[in-house]
Number of protein chains: 2
Amino acid sequence: MTNRIAEGTMRKSRIKRLRKLRTSIAERGLDAFLISQPENLRYLSGFTGSSGWLLISGQNAILATDFRYLEQAKGESPDFEIIQTKQELRDWLPGLVSDLGWHKLGFEANSTSYNTYHKLSEAAKTRQVNLALVPTTGIVEQLRSIKEPEELEFIKKAAALVDTAFEQAKAVIRPGITEKEAAWEIEKYLRQEGSEGIPFEIIVASGTYSALPHAQPTGKTIRSAEPVLIDMGARISGYCSDLSRTLLLGDTDKILWEIHDIVLKAQTTAMERVESGMAASQADRLARSIVEEAGYGDAFGHSLGHGVGLAVHELPTLGPNSSDSLTDGMVFTIEPGIYLAGQGGVRIEDMVVLENGKARVLTRAKKDLSF
Amino acid sequence: MTNRIAEGTMRKSRIKRLRKLRTSIAERGLDAFLISQPENLRYLSGFTGSSGWLLISGQNAILATDFRYLEQAKGESPDFEIIQTKQELRDWLPGLVSDLGWHKLGFEANSTSYNTYHKLSEAAKTRQVNLALVPTTGIVEQLRSIKEPEELEFIKKAAALVDTAFEQAKAVIRPGITEKEAAWEIEKYLRQEGSEGIPFEIIVASGTYSALPHAQPTGKTIRSAEPVLIDMGARISGYCSDLSRTLLLGDTDKILWEIHDIVLKAQTTAMERVESGMAASQADRLARSIVEEAGYGDAFGHSLGHGVGLAVHELPTLGPNSSDSLTDGMVFTIEPGIYLAGQGGVRIEDMVVLENGKARVLTRAKKDLSF
């Protein structure tokens, strides 16, 4: 696709998304919906500036931003009415709501601060505007969890980029290099090859540090005969990828090879058996039961996976307590891990998309340990 | 300072900060204070993990985090009682509050979501815990605005790094290179020389893009005879720096040289005349009046400056509507700008610290345009 065709397709998609959102708004009995969560804002409007608000009703699609982003908003969001704001939300929103005759306004309860809510609410009272602020969660996030074909194209590009970056990483990660140096080499490669920044700090965790699921790269030198856990992502046209592999360098402890086999079996099984229509908690169970049967249930302390899209962590959540269910078009990670404090850890992570009821794997970096 | 001495000094500083915070808590009639804003959390506890809560009372200093960060918390926050949390705030906080006999709990209203507040509030009611949640703003941010000597040392290092990076930038920014390429070269230099990531995306804005105060680097090729606005920061031991310069390449329009002179005069005047005890709005006036007298008041659409520390934007705010006042120990930017749509813009930014009543300049990158 050329950029112009892609932009035309994305614009049509955004119009469809607005239509779906309007159905949600109507179903909830809201007059309008206020959106500021950055990925939700971008998903609906195309606007990528760092400060703005959307106001969506049955009739209106408004993007409010300040003078710094006006030109950008006009270019990126041609189907929105752009209004320039001065000062804070509470200073301009009550008047606008009153002019448009709205009374029930939904807002994003997870990404709106208590103070923003409170000041807006007080300002409406002071100005005698009859406004009910209705907290909501997950409305746009639910829409985002099911990917359109053109979103999938961007995700595939981001996945292909981490695949080649992992080949690069294998060439770089040798005894003698520090974790920080290795992470920086990977980041440089990703960005020079087109990643828009990186969606999260790259993890290169060696030796016993690999047993920390959220390790930050340290100045520790990577030695032979130890595990090296690598977790990295790329971003293309806003869409993320996420990949983990664990290398076992040289003569690593036997137990790490054993847990690598168990993690790989858990991952492969989950990828083969996960299905559309399945509860996300059941998908988690597919892998977790294998880890538990091998006696390492307590050492797998995180969820099996998470959705990936404009955010690197989004819906669905594949965990024991998730109430999400899986459907075609969802893109998520499958990433079991076993972490043994003082010894080391193994995580293997791939991205999949649910198509025709089954998982198709998007990341293809090799999992064999011989290199 | 060796790292060990620095860490010992920082630990003593954190104990002093806690003492000051406890005075604030007592003055407000609170039993305890709940903190989650990341820089506030780091400032008080030293903890750098991405998920945690502090609970501070007259007697207690608690850091609550989940299993992923337990070891890190113990290492980074030796003067805190570390507790392991499972599930959400609402699941564990009401019980703890009840056990400790707290009734009035302050929270950070700008960084706590409506949903977190609401769920905690409902959980306390359900569990019949007598808990009043009291919204507060700026308590720790006020403490952070006045820097201790060892904080200033880190800031000076971060300032020295952007100074040398700017010399590097001048060598790189030549007609033919794109804005994105130039920004990436600057970022690589900063990070290879020790910056912990970068505190904000580097701006390299050329030609008419320099008239956008929040321009993102584009694929546009830098040409001769145009302005190039550069805005960059570094981070050392958590502390940030922030520097802007505007280069006028070759035979740039006369008007840009004129506005460069005006901006420079406004900046120099503000740096010479700003004083401890002055209202921050008055500091803004020192520079703004010069820009206004030159006829460009409308083209200077942002504040004169902002505090810099663990966050790149923090208190004090030097703007027309600020209610802050300036005192010794504050570190902030002085960065007037003039932006002419369709022609170009100029911004010149330095960091200063108030010492003995006057501003000492921390960034030293040259401002002459001949190179």
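Everything numeric in this text was worked out from a predicted model, so none of it was measured.

Draft legend 1. Molecular detail of the overall build of chain A. The secondary structure content of chain A amounts to 10 helices and 18 strands. When burial is assessed residue by residue, chain A has 45% of its 371 residues classed as buried. The long-range share in chain A, meaning contacts at least 24 apart out of those at least 6 apart in sequence, stands at 66%.

Draft legend 2. Quick peek at the domain arrangement of chain A. Residues and elements named next belong to chain A. Each assigned domain of chain A is listed here: domain 1 (3-143) and domain 2 (146-361). Relative placement of domain 1 and domain 2: their C-alpha centres are 34 Å apart. If you look at the interface, domain 1 gives 9 residues, while domain 2 gives 7 residues. Mapped onto the side of domain 1 that touches domain 2, the elements with two or more residues apiece are α1 (3-27), α2 (38-45) and α6 (139-145).

Draft legend 3. Looking closely at the pairing of strand β2 (residues 53-57) of chain A. Residues and elements named next belong to chain A. In the sheet, strand β1 (residues 32-35) pairs with β2 via 4 bridges, with the strands oriented antiparallel. Note on β2: the bridge partner recorded for Phe33 is Ile56. Where β2 meets strand β3 (residues 61-65), 4 bridges bridge the pair, whose relative direction is antiparallel. Each residue of the ladder has a partner; that of Leu55, found in β3, is Ile62. Between the end of β2 and the start of β3, which pair antiparallel, lie 3 residues.

Draft legend 4. Summary view of the sheet that holds β3(A). Residues and elements named next belong to chain A. Read across the sheet, 6 strands follow the order β4-β3-β2-β1-β5-β6 without closing on themselves; strand pairing throughout is mixed. Unpaired on one side and paired on the other, β4 (81-84) and β6 (132-136) mark the two borders of the sheet. Taken pair by pair, the neighbouring strands of this sheet meet at an average axis angle of 25 degrees, ignoring direction.

Draft legend 5. Spotlight on the interface of chain A and chain B. With 19 residues of chain A at the interface, the matching set in chain B holds 19 residues. In terms of residues, the side of chain A that touches chain B owes the most to one element, helix α5 (residues 114-126) of chain A, which gives 4 residues. Classifying every residue of the side of chain A that touches chain B by side-chain character gives 8 nonpolar, 9 polar and 2 charged.

Draft legend 6. Layout of the relation of the copies chain A and chain B. Turning chain A through 180 degrees and shifting it by 0.0 Å along the axis lays it on chain B, with an RMSD of 0.0 Å. The transformation relating the two chain copies, once decomposed into turn and shift, fits a two-fold axis. Most of the interface of chain A is mirrored in chain B, where 100% of its interface residues are also at the interface.

Draft legend 7. Looking closely at the pairing of strand β16 (residues 344-347) of chain A. Side chains of β16(A) alternate between two faces, with Gly344(A) and Val346(A) and Gly345(A) and Arg347(A) buried alike. Taken together, strand β15 (residues 337-340) of chain A and the strand that follows it, β16(A), pair antiparallel across an intervening segment of 3 residues, in which Gly342(A) is found at a positive phi of about 80 degrees.

Draft legend 8. Quick look at the packing of helix α7 (residues 149-172) of chain B against helix α8 (residues 179-192) of chain B. Residues and elements named next belong to chain B. Contact geometry of α7 with α8 gives a least axis separation of 9 Å together with a crossing angle of 145 degrees. In this structure, the crossing between α7 and α8 has a hand that is right-handed. Facing α7, whose interface residues are Leu161, Ala165, Gln168, Ala169 and Val172, α8 presents Ala182, Glu185, Ile186, Tyr189 and Leu190. Here the residues of the contact of α7 with α8 are counted per class, giving 8 nonpolar, 1 polar and 1 charged.

Draft legend 9. Looking closely at α5(A). Between the first and last C-alpha of α5(A) there are 18 Å, a value that for 13 residues agrees with the 18 Å anticipated at 1.5 Å per step. Every buried residue of α5(A) is listed here: Tyr114(A), Thr116(A), Tyr117(A), Leu120(A) and Ala124(A). Residues of α5(A) that are buried in the fold lie against α4 (89-100), β5 (104-108) and β6 of chain A together with α5 (114-126) and β6 (132-136) of chain B. Downstream of α5(A) by a residue or two, Gln128(A) has a phi angle that is positive, lying close to 55 degrees.

Draft legend 10. Seen up close, the packing of helix α4 (residues 89-100) of chain B against α5(B). Residues and elements named next belong to chain B. Between α4 and α5, whose axes approach to 9 Å, the crossing angle comes to 50 degrees. Here α4 is positioned oblique relative to α5, judged by the angle of their axes. For the element pair α4 and α5, the recorded crossing hand is right-handed. Contacts from Leu89, Arg90, Leu93 and Pro94 in α4 reach Thr116, Lys119, Leu120, Ala123 and Ala124 in α5.

Draft legend 11. Structural detail: the sheet that holds strand β2 (residues 53-57) of chain B. Residues and elements named next belong to chain B. Taken together, 6 strands build an open sheet; the order of strands is β4-β3-β2-β1-β5-β6 and the sheet is mixed. Bordering the open sheet on either side are β4 (81-84) and β6, each of which pairs with just one other strand. Neighbour-to-neighbour, the strand axes of the sheet open up by a mean angle of 25 degrees, direction not taken into account. Across 5 bridges, the pairing between strand β5 (residues 104-108) and β6 is parallel. In the sheet register, Gly106 faces β6, and the bridge partner there is Val134.

Draft legend 12. Here's a closer look at the confidence of the model for chain A. In this model, chain A carries a mean pLDDT of 95, and residues with pLDDT of at least 70 account for 98%. The ipTM, which scores confidence in the relative placement of chains, is 0.91 for this predicted complex, and the corresponding pTM is 0.93.

Draft legend 13. Representation of the environment of Gly305(A). All names here are of chain A. Within the secondary structure layout, Gly305 lies in strand β12 (residues 305-307). With 44 residues separating them along the chain, Gly305 and Glu349 place their C-alpha atoms 8.4 Å apart. Beyond its immediate stretch of four places on either side in the chain, Gly305 contacts Leu318, Phe332, Thr333, Ile334 and Glu335.

Draft legend 14. Quick peek at unusual backbone geometry. Residues and elements named next belong to chain A. Put simply, Leu315 and Pro316 share a cis peptide bond, and its omega is 0 degrees. Within the secondary structure layout, Pro316 lies in strand β13 (residues 314-318). Positive phi, normally seen in glycine, also occurs at Ala225, with a value near 60 degrees. Topologically, Ala225 is positioned in the loop between β7 (203-206) and β8 (227-232).

Draft legend 15. Summary view of α4(A). The terminal C-alpha atoms of α4(A) lie 16 Å apart, and with 12 residues this matches the ideal 16 Å at 1.5 Å per residue to within 8%. Immediately beyond the C-terminal end of α4(A), within one or two residues, lies Gly101(A), with a positive phi of roughly 75 degrees.

Draft legend 16. Looking closely at the environment of Asp163(A). Residues and elements named next belong to chain A. Looking at the secondary structure, you find Asp163 in helix α7 (residues 149-172). Taking C-alpha positions, Asp163 is 8.0 Å from Leu243, a pair spaced 80 residues apart along the chain. Apart from the residues within four sequence positions on either side, Asp163 is in contact with Thr363, Arg364 and Ala365.

Draft legend 17. Molecular detail of the environment of Asp324(A). Structurally, Asp324(A) is set in the loop between β13 and β14 (331-334). For Asp324(A), the contacting residues outside a window of four places in its chain are Ala280(A), Leu315(A), Pro316(A) and Thr317(A).

Conventions adopted
Residues numbered from 1 in each chain as written. Chains lettered and ligands numbered in written order. Predicted model: local features only at pLDDT ≥ 70, side-chain atom pairs only at ≥ 80, totals over all residues. Helix = DSSP H or I, 4+ residues; strand = E, 2+ residues; numbered from the N terminus. Buried ≥ 20, exposed ≤ 12 C-beta atoms within 10 Å, placed from the backbone. Contact = placed C-beta atoms within 7 Å. Domains from an automatic or database assignment. Pairing = 2+ DSSP bridges. Axes fitted to C-alpha atoms, helices over the stretch in contact; angles between N-to-C directions. Nonpolar A, V, L, I, M, F, W, Y, C, P; charged D, E, K, R; others polar. Least-squares fit on C-alpha atoms with pLDDT ≥ 70 in both. Left-handed = near helix turned anticlockwise from the far one by under 90°. Expected span 1.5 Å × (residues − 1). Parallel < 35°, antiparallel > 145°, perpendicular 65-115°, else oblique. pLDDT = per-residue confidence, 0-100.

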